[in-house]
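# A closer look at the structure
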Number of protein chains: 2
Amino acid sequence: MTSELRINGERLMASLYELGAIGALPQGGVCRLALSDEDREGRDWAVARMQALGLNVTVDAIGNTVGVYHGLTNMPPVMMGSHIDTLATGGLYDGNYCVLSGLEVIATLKDAGMRLRRPVAVAFFTNEEGSRFQPDMMGSLVFQGGLALETALATRGIDGVTVGDALRQIGYDGPASVGHNRVDSYFELHIEQGPVLDEEGLAIGVVEGVQGISWTEFHLQGVSNHAGTTPMRLRHDAGYVTARIGVFARQLAQELGGDQVATVGHLVFTPNLVNVIPDTVTLTVDLRNTDAEALRLAEQAAYEEGITVSRNMLARFEPTPFALEVVELVAAQARLRGLPSRRMPSGAGHDAQIMAAMCPAGMIFVPSVAGLSHNINEFTAPQDLIAGVNVLLGAVVQRADRA
Amino acid sequence: MTSELRINGERLMASLYELGAIGALPQGGVCRLALSDEDREGRDWAVARMQALGLNVTVDAIGNTVGVYHGLTNMPPVMMGSHIDTLATGGLYDGNYCVLSGLEVIATLKDAGMRLRRPVAVAFFTNEEGSRFQPDMMGSLVFQGGLALETALATRGIDGVTVGDALRQIGYDGPASVGHNRVDSYFELHIEQGPVLDEEGLAIGVVEGVQGISWTEFHLQGVSNHAGTTPMRLRHDAGYVTARIGVFARQLAQELGGDQVATVGHLVFTPNLVNVIPDTVTLTVDLRNTDAEALRLAEQAAYEEGITVSRNMLARFEPTPFALEVVELVAAQARLRGLPSRRMPSGAGHDAQIMAAMCPAGMIFVPSVAGLSHNINEFTAPQDLIAGVNVLLGAVVQRADRA
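Conventions adopted
- Residues numbered from 1 in each chain as written.
- Chains lettered and ligands numbered in written order.
- Predicted model: local features only at pLDDT ≥ 70, side-chain atom pairs only at ≥ 80, totals over all residues.
- Helix = DSSP H or I, 4+ residues; strand = E, 2+ residues; numbered from the N terminus.
- Rg over C-alpha atoms; globule rule 2.2 N^0.38 Å.
- Buried ≥ 20, exposed ≤ 12 C-beta atoms within 10 Å, placed from the backbone.
- Contact = placed C-beta atoms within 7 Å.
- Nonpolar A, V, L, I, M, F, W, Y, C, P; charged D, E, K, R; others polar.
- Expected span 1.5 Å × (residues − 1).
- Pairing = 2+ DSSP bridges.
- Least-squares fit on C-alpha atoms with pLDDT ≥ 70 in both.
- Domains from an automatic or database assignment.
- pLDDT = per-residue confidence, 0-100.
- Axes fitted to C-alpha atoms, helices over the stretch in contact; angles between N-to-C directions.
- Parallel < 35°, antiparallel > 145°, perpendicular 65-115°, else oblique.
- Left-handed = near helix turned anticlockwise from the far one by under 90°.

## Brief notes about the overall build of chain A
When helices and strands are counted, chain A shows twelve helices and 16 strands. Its C-alpha atoms give chain A a radius of gyration of 23 Å, within 12% of the compact-globule value 22 Å for 403 residues. By principal-axis analysis of the C-alpha atoms, chain A measures approximately 80 × 45 × 40 Å. Here chain A holds 403 residues, and the buried ones make up 57% of them.

## Side note on the interface of chain A and chain B
Between chain A and chain B, the contact holds 51 residues from the first and 51 residues from the second. At the level of secondary structure, the elements contributing two or more residues to the side of chain A that touches chain B comprise helix H7 (196–200), strand E7 (213–221), strand E8 (225–226), helix H8 (238–256), strand E9 (261–263), strand E10 (267–270), strand E11 (276–277) and strand E12 (280–288) of chain A. Tallying contributions element by element places H8(A) first for the side of chain A that touches chain B, with ten residues. For the side of chain A that touches chain B, the class distribution of residues is 23 nonpolar, 22 polar and six charged.

## Notes on helix H3 (residues 96–111) of chain A
Residues and elements named next belong to chain A. Given a rise of 1.5 Å per residue, 16 residues ought to cover 22 Å, and the 22 Å separating the end C-alpha atoms of H3 matches this to within 8%. By the criterion of burial, H3 is predominantly enclosed, with 13 of the 16 residues buried. Once H3 finishes, Gly113 follows within two positions and takes phi at roughly 65°, a positive value.

## Side note on the pairing of strand E10 (residues 267–270) of chain B
Residues and elements named next belong to chain B. Of the two faces of E10, only one is covered, namely that formed by Leu267 and Phe269; the face formed by Val268 and Thr270 stays uncovered. In terms of strand pairing, E10 meets strand E12 (residues 280–288) through four bridges, oriented antiparallel. The residue bridging Leu267 from the neighbouring strand is Leu283, located in E12.

## Topic: helix H12 (residues 382–401) of chain B
Taking 1.5 Å per residue, 20 residues should reach 28 Å; H12(B) reaches 28 Å between its end C-alpha atoms and fits that length. A large share of H12(B) lies buried, amounting to 15 of its 20 residues.

## Digging into the relation of the copies chain A and chain B
With an RMSD of 0.2 Å, chain A superimposes on chain B once it is rotated by 179° and translated 0.0 Å along the axis. Both chain copies can therefore be described as sitting about a two-fold axis. Residue A:Ala243, judged by its C-alpha, is the member of chain A lying nearest the rotation axis, at 1.9 Å. Counting the interface residues of chain A, we find that 100% of their copies in chain B are interface residues as well, pointing to one common contact surface.

## Regarding the domain arrangement of chain A
All names here are of chain A. Examined at the domain level, chain A breaks down into domain 1 (9–211 + 319–401) and domain 2 (213–317). One C-alpha centre belongs to domain 1, the other to domain 2; they are set 37 Å apart. Each partner contributes residues to the interface: domain 1 has four residues there, and domain 2 has five residues. In terms of residue class, the side of domain 1 that touches domain 2 is made up of two nonpolar, two polar and no charged.

## Topic: unusual backbone geometry
Where the residue is not glycine, phi is negative for most of them; where a peptide bond is considered, it is trans in most cases. Residues and elements named next belong to chain B. The omega angle of the peptide bond from Gln134 to Pro135 is 0°, so this bond is cis rather than trans. Among the secondary structure elements, Pro135 is positioned in the loop between strand E4 (120–124) and helix H4 (138–144). Going from Thr270 to Pro271, the amide bond is cis rather than trans, its omega being 0°. With respect to the element layout, Pro271 can be found in the loop between E10 and strand E11 (276–277).

## Details of the confidence of the model for chain A
Chain-level pLDDT for chain A is 93 on average; 97% of the residues reach the 70-or-more range. Predicted complex, confidence summary: ipTM 0.73, pTM 0.73.

## Details of the packing of helix H10 (residues 324–336) of chain A against helix H12 (residues 382–401) of chain A
Residues and elements named next belong to chain A. Two elements in contact, H10 and H12, have axes whose closest approach is 9 Å; the angle formed by their N-to-C orientations is 125°. Between H10 and H12, the crossing angle belongs to the class labelled oblique. Relative to H12, the crossing made by H10 is right-handed. Contacts from Leu329, Val330, Gln333, Ala334 and Leu336 in H10 reach Val391, Gly394, Ala395, Gln398 and Arg399 in H12. Here the residues of the contact of H10 with H12 sort into six nonpolar, three polar and one charged.

## Here we look at the pairing of strand E16 (residues 361–366) of chain B
Within a regular strand, side chains alternate between the sheet's two faces. Residues and elements named next belong to chain B. In terms of burial, E16 is a largely internal element, six of the six residues being buried. Of the two faces of E16, both are covered, the one formed by Ala361, Met363 and Phe365 as well as the one formed by Gly362, Ile364 and Val366. Pairing between strand E5 (residues 185–191) and E16: six bridges, direction parallel. Residue pairing for E16: Phe187 is matched across the bridge by Gly362.

## Details of the environment of B:Gln260
All names here are of chain B. For Gln260, the location among the structural elements is in the loop between helix H8 (238–256) and strand E9 (261–263). Using a count of 18 C-beta atoms within 10 Å as the deciding quantity, one classes Gln260 as partly exposed. Linking Gln260 and Ile307, residues 47 residues apart in sequence, is a C-alpha distance of 29 Å.

## Here we look at the environment of A:Gln251
Residue and element names in this part refer to chain A. Tracing the chain through its elements places Gln251 in helix H8. A count of 12 C-beta atoms within 10 Å places Gln251 in the exposed class. Taking the C-alpha atoms as reference points, Gln251 and Asp159, 92 residues apart in sequence, are found 41 Å from one another.

## A look at the packing of H8(A) against H8(B)
Two packed helices can be described by the angle between their axes and the distance between those axes. Where H8(A) contacts H8(B), the axes come no closer than 8 Å and their chain directions differ by 125°. In terms of axis orientation, H8(A) runs oblique to H8(B). In the packing of H8(A) onto H8(B), the handedness of the crossing is left-handed. Where H8(A) abuts H8(B), its residues A:Gly239, A:Tyr240, A:Thr242, A:Ala243, A:Arg244, A:Gly246, A:Val247 and A:Arg250 lie against B:Gly239, B:Tyr240, B:Thr242, B:Ala243, B:Arg244, B:Gly246, B:Val247 and B:Arg250. In terms of residue class, the contact of H8(A) with H8(B) is made up of six nonpolar, six polar and four charged.

Given below as structure tokens:
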């Protein structure tokens, strides 16, 4: 039966454009920074949609908002979740697509007059993006118990306002307690934010887990000297060591193969003059899916050039594998609906990796045209968006109805 | 006889400190930007010294100032020259040392009651450093005929003032015409501004020529994308190509060997974020003594990564070999005085390379401690300074007295 059930694609698209109009930017894209007035407007809109569907809506002390479509039993709900906060120059789809898909899944169930064995919930978590308040994925972290509520509320944003004050200002310091939730399982449907599905012409990414992330900042200290008068053998050139690290990072990614990626994204030379050997360089290496010790070469190259190197771990997350039962359920639904798919990791962080610590969790990806992400030009074709929601629908129905 | 003649070291050092007190900086070093009030004070001091020695002083239309100690004939003079303008944070020795050495050489001849067959001149050229007005070596270029006077006078400085106005303001828009000078030969005594003599414990550098300089700015245009979600095979990473250029520049210098140097001194990443593949990088490659085409690799690396590269030649000077007769004269004088020396190129630009186009020219280097240069901590030991002037004295006497 579940393969016959289909969502209303027009209603889905209309809701995307409606929510996307709140905080819309003149050039396209949207700005609804976490806990801003625009975020409040977006939240109010989403809550009104939940209420119109007859859901039981709760807001917790960190502003996470959950709407529950009751089931035939009172067992813990199958949850669909993500976020509706955006970057200052965000796209229409990141986060929002999943929350709207959750509403659409429930609307489809309601239209069909279907109640499932377990409740089905749709949630949006506070401050997934981390653009205004650090860390990102804050709401799901508090929800799951990985971050103390008090710590989160006391966090000061880039504008100096605390999370607690911002929540009160927009009226989303809710009464529901955090840290005592029970969830049967968690599904997050998201645009890929990478080019793989688009490149390979596939409709669905069956996400097997979130890659481990290691961000290391290197600080190289050499000796500044005249570029014309200093022989090569007497140089301590921090720029040269930087170049070796850049080349090595690429080699490392190629040798490890698979989903390994390596990026030198941030780099600052000092004094940064054409005819002066740089004495100080700060650079970052972003590695996903790997052993951070693989960057031992930085020390070796620095030693050979007679410069000192210090490193600072900016961030490190272990890889998060998703629950096999959820991954297989998604894969089966894509097959059932004849949608070409592939297994893949998520290179970006998502609330699902936080939720994976408290219940079986998984993600479904749909293509991002040209892999554009965190960009006002983010785009996924309507038929791909609709196909993704149908897979979500099928998976949630199966999961919620199981014995 | 010339090996017996010796300068007065104390008088030399006293003059260095006296001139160095004009525009002295609180932390050491000196600031006498070209044609500033401090430059005028320094010029006035030097002109007074020339007049006290009974020299015939002329100031030309670009402010170049020449003092001539007459000879037994009216043949063109043997000239010792350099500059007394400094960087905003200049050292005590750069340029000034040669001008003061020229005065000391002439004072020594005068003390000994010696007139030589040819006149002996000491000159300081306007705006060698190029810190306030571009190009550097401006005064000698006009003197030699390589730059039109009108063009030079119309040049606007970083403060918006033209060279012509600045000359008038400090009273150094002299009456002597430019472009019709005859000079027998040109000697420039200078601190090395590099570490080689200091490192090797040598007193004298016999400069064989000024290295060719090629400054190339590369503009690399790739594609910005998420560092986590973009597989290596789909990247167009301008940062990676930058790293390859940096590694290649070092390899090139090592393979060519000799005096070849290569420096990536300036580098700017865009957008310069930890988790974003850089799409745009601007970098410079400073090569001395080489074929600029050797950087073909930039194009190859860019092609392989699928990014575009454009290059902009910021500066290019062909290597300037010095006259063999002058080089050998300097080498012989160092030998005669028992001073350990080596042949070497100049990695930095000097007025001597401009003068080499109009007469036999050469340079003598003395050690710079730790190679420090363009730095308030520039330092050369007094005995090294004095030894250098004695070599200059011997060479000038030989040259001026020849048949």
